[in-house]
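# Architecture at a glance
Listed here are the chains, written in short residue letters.
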Amino acid sequence: MMKLKKWIVLAVVLVLFYYIFIVNILVTLSIIATLYIVFKIYKMYARNRLKKISSSKELFRVSELGLFIALVAKVAKADGRVQELEAQLIGMMFDDISGVFPEKEKTRIILKDIFNEEKEKDGDTKEIAKSLNLLLGRSKLKRRQFVEFLIQLAFVDNGITSDEDKVLREIVTELKITSNEYMAMLSKFENMKKNKLQSMSLTQAYKVLGVNENDDISIVKKTYRKLVRQYHPDIIKSQDKDEAYIEESTAKTQEINQAYEIIKEAKKS
């Protein structure tokens, strides 16, 4: 009788062991394999989708990124002309966006064409923002990220002008961002600027850029451009970062720009 009970207990233990370990492992491996296949399919879909979008300017123009670039053009040209640092940041934005597409150079040309064409048009800002709003669906985060990039662009060349503010307000209205939310975003940029950009001495300017007083202006300019490229807000990478990322990147870009302007003026005299 005792032997029978031992065999029963052993059988139960083996069955439990089988279900707890062997079956669970098989289930786990099956789940992992399924997730891997789904991930591969999604990557293939995303790659094909990107390839399709970048196959023509017309398709790209009506995509989220195409509409965003059109709004970038409106904000950049709002105060009459595209400033040097604005142009540099826009060029870097083209690099950031085109970098995720299969045909990078072709995509960059499309982005540049859309920007240049929209820069010359007037009166269609609301319609573009309205179209972007429809594509964004319920994503509040994406709306905020797009608007913060536009604010950053307007802000980086010594603050937002009244014309830039007017264009930005048209955009945020169509993107269903309230006036209070917009003002809160502006305040964060203002506060960041005050914290970072106190009266900077020439010595501090050299330290910020990491150059020496005896360095030629060509070396200073090369270093300046390298730092701006390093610290500028990246619209693609920002998807994985918190809201403070854009503000901090903008403040750092402004600090680098101020240092460069101080050194440039000192080199003239």
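All of the points below concern the structure found in this document.

## Focus: unusual backbone geometry
One non-glycine residue, Lys176, lies in positive phi territory at about 60 degrees. Its relative accessible area of 53% is what places Lys176 among the exposed residues.

## Description of the pattern of salt bridges
Tallied over the full model, the rule gives 13 salt bridges. With a closest N to O distance of 2.7 Å, Lys74 and Asp124 form a salt bridge. Taken together, the residues Lys74 in helix α3 (residues 64-77) and Asp124 in the loop between α5 (104-119) and α6 (125-136) connect sequence positions 50 residues apart. Residue Asp124 is classed as buried on the basis of its relative accessible area of 18%. The partner of Lys140 in a salt bridge is Glu181, with the nearest N and O atoms 3.4 Å apart. Placement of Lys140 in helix α7 (residues 140-155) and of Glu181 in helix α9 (residues 179-196) is noted, with a sequence separation of 41 residues between them. For Glu181, a relative accessible area of 23% puts it in the partly exposed group.

## Things to note about the packing of α6 against helix α8 (residues 162-174)
Where α6 meets α8, the closest approach of the two axes is 8 Å, and the angle between their N-to-C directions is 35 degrees. For the pair α6 and α8, the crossing hand works out as right-handed. Listed contacts from α8 to Thr125, Lys126, Ala129, Lys130 and Asn133 of α6 are Val167, Glu170, Ile171 and Glu174. Taken together, the residues that form the contact of α6 with α8 break down as three nonpolar, two polar and four charged.

## Looking at α7
Taking 1.5 Å per residue as the helical rise, α7 with its 16 residues ought to reach 22 Å, and the 22 Å between its terminal C-alpha atoms agrees with that figure. The buried count for α7 comes to 13 of 16 residues, which makes it a mostly enclosed element.

## Topic: helix α10 (residues 202-209)
Residues of α10 that are buried include every one of Ala205, Tyr206 and Leu209, and no others. Seen end-on, α10 carries its buried residues on one side only, within an arc spanning 100 degrees. Counted as exposed and oriented over 90 degrees from the buried face of α10: Thr203 and Lys207. Trailing α10 by a residue or two, Gly210 shows a phi angle of about 75 degrees, which is positive.

Quick notes on the rules
Residues numbered from 1 in each chain as written. Predicted model: local features only at pLDDT ≥ 70, side-chain atom pairs only at ≥ 80, totals over all residues. Heavy atoms only, no water. Buried < 20%, exposed > 50% of the residue type's maximum accessible area, 1.4 Å probe, protein only. Salt bridge = Lys/Arg side-chain N within 4 Å of Asp/Glu carboxyl O. Helix = DSSP H or I, 4+ residues; strand = E, 2+ residues; numbered from the N terminus. Axes fitted to C-alpha atoms, helices over the stretch in contact; angles between N-to-C directions. Left-handed = near helix turned anticlockwise from the far one by under 90°. Contact = heavy atoms within 4.5 Å. Nonpolar A, V, L, I, M, F, W, Y, C, P; charged D, E, K, R; others polar. Expected span 1.5 Å × (residues − 1). Arc of directions from axis to C-beta.

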